[in-house]
Amino acid sequence: MAIAAALIAAAATITGALITSRQVPLPWASGDAGSSETRRETVRESVPGGPKKAPGIAVTPKSLTFSCEGESCAQEVRVLSTGTATLKIAGIEFEGDNPGDFQHDNACAGQALDVDDECALKVWFAPASTGSSGSATLVIHQNLKGDATYVRVSGQGTQQPTDEPTPESSQPAG
């Protein structure tokens, strides 16, 4: 009797999981009562005893190199939620050798990204002096287990001319 009850419970759990994941056609779930097409969709509800949900992250690119200065030379870092749970971006900062030489628009900070959602963060090189170079690491703090997410940044500023231009002579060459 106990084995039969366990088999019935297991069958009910599997059937419930297949219906919840929409891998079993349900005529009343679609507009066509006679349709036998199986629909596959990502379901965000958790199934008891199923895999645990966890956030995931994909960041592109993994590094940025700047050869100009200022916000007009901004480059984008895209943050994509790839897991099975909401990705929460707590904060964004720079660390490393020259963190003060870089800035970002803070566009993704404080956001909660559902699965497959993304945000774009603008980053630019803003050194204290023209012509200098620097490197740092963009740190994206999020709710994943383990370390933050890192993007390496480096920049070389444009060099201003050092020689004073000479005024043109008003005398004809002769």
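Residues numbered from 1 in each chain as written. Predicted model: local features only at pLDDT ≥ 70, side-chain atom pairs only at ≥ 80, totals over all residues. Heavy atoms only, no water.

Trainee: Go over the sheet that holds strand β9 (residues 149-156), please, and point to the residues and values.
Mentor: Taken in spatial order, the five strands make up an open sheet running β2-β9-β8-β4-β6, and their pairing is mixed. The open sheet terminates on both sides in strands that have one partner only, identified here as β2 (63-66) and β6 (112-113). Two elements, β2 and β9, share four bridges in a ladder whose sense is parallel. Residue pairing across strands places F66 opposite G155, the latter belonging to β9. (Pairing = 2+ DSSP bridges. Helix = DSSP H or I, 4+ residues; strand = E, 2+ residues; numbered from the N terminus.)

Trainee: Before we move on, can you summarise the packing of aromatic side chains with the specific residues and values?
Mentor: For the structure on display, the rule yields three aromatic pairs. Ring geometry for F102 versus F125: centroids 5.1 Å apart, planes at 45 degrees, classification tilted. Here F125 lies in strand β7 (residues 118-125) and F102 lies in strand β5 (residues 102-104), a separation of 23 residues in the sequence. For F125, a relative accessible area of 0% translates into the label buried. Members of the aromatic cluster, each reached through a chain of ring pairs, are F66, F94, F102 and F125. (Phe/Tyr/Trp six-rings, centres within 6.5 Å; stacked < 30°, edge-to-face > 60°. Buried < 20%, exposed > 50% of the residue type's maximum accessible area, 1.4 Å probe, protein only.)

Trainee: Tell me about the nonpolar core, and name the residues and values.
Mentor: Of all hydrophobic cores here, the largest spans 21 residues; its most connected members are V77, V79, V123 and L138. Where this core is concerned, the elements lending two or more residues are β2, β3 (75-81), β4 (87-95), β7, β8 (133-142) and β9. Filtering out sequence-adjacent residues up to four positions away, V123 remains in contact with L64, F66, C73, A74, Q75, V77, F94, Q103, H104, L138 and V153. (Core = buried A, V, L, I, M, F, W, Y, C linked by side-chain atoms within 4.5 Å. Contact = heavy atoms within 4.5 Å.)

Trainee: Hey, could you go over unusual backbone geometry for me, with residue numbers and the actual values?
Mentor: Look at the link from T60 to P61: it is a cis peptide, with omega at -5 degrees. Inspection of the secondary structure assignment puts P61 in the loop between β1 (57-60) and β2.

Trainee: Describe the confidence of the model for the chain, naming the residues involved and giving the relevant values.
Mentor: In this model, the chain carries an average pLDDT of 76, and 63% of its residues clear a pLDDT of 70 or more. The low-confidence segment residues 10-45 (pLDDT under 50) makes 26 contacts with residues lying over four places distant or belonging to another chain. (pLDDT = per-residue confidence, 0-100.)

Trainee: If you had to explain the pattern of salt bridges to someone new, which residues and values would you point to?
Mentor: The full count for this structure, using the stated rule, is two salt bridges. R78 is the salt-bridge partner of E118, the closest N and O atoms lying 2.5 Å from each other. You can see E118 sitting in strand β7 and its partner R78 sitting in strand β3, a full 40 residues away along the chain. Taking the relative accessible area as the measure of exposure, R78 reaches 30% and is therefore partly exposed. Residues participating in the shared-partner salt-bridge network are E76, R78 and E118. (Salt bridge = Lys/Arg side-chain N within 4 Å of Asp/Glu carboxyl O.)

Trainee: Could you give me a rundown of the environment of S72, with the residues and numbers involved?
Mentor: Structurally, the position occupied by S72 is in the loop between β2 and β3. Residue S72 is classed as exposed on the basis of its relative accessible area, which comes to 73%. Sequence separation between S72 and W124 is 52 residues; the distance between their C-alpha atoms is 8.0 Å.

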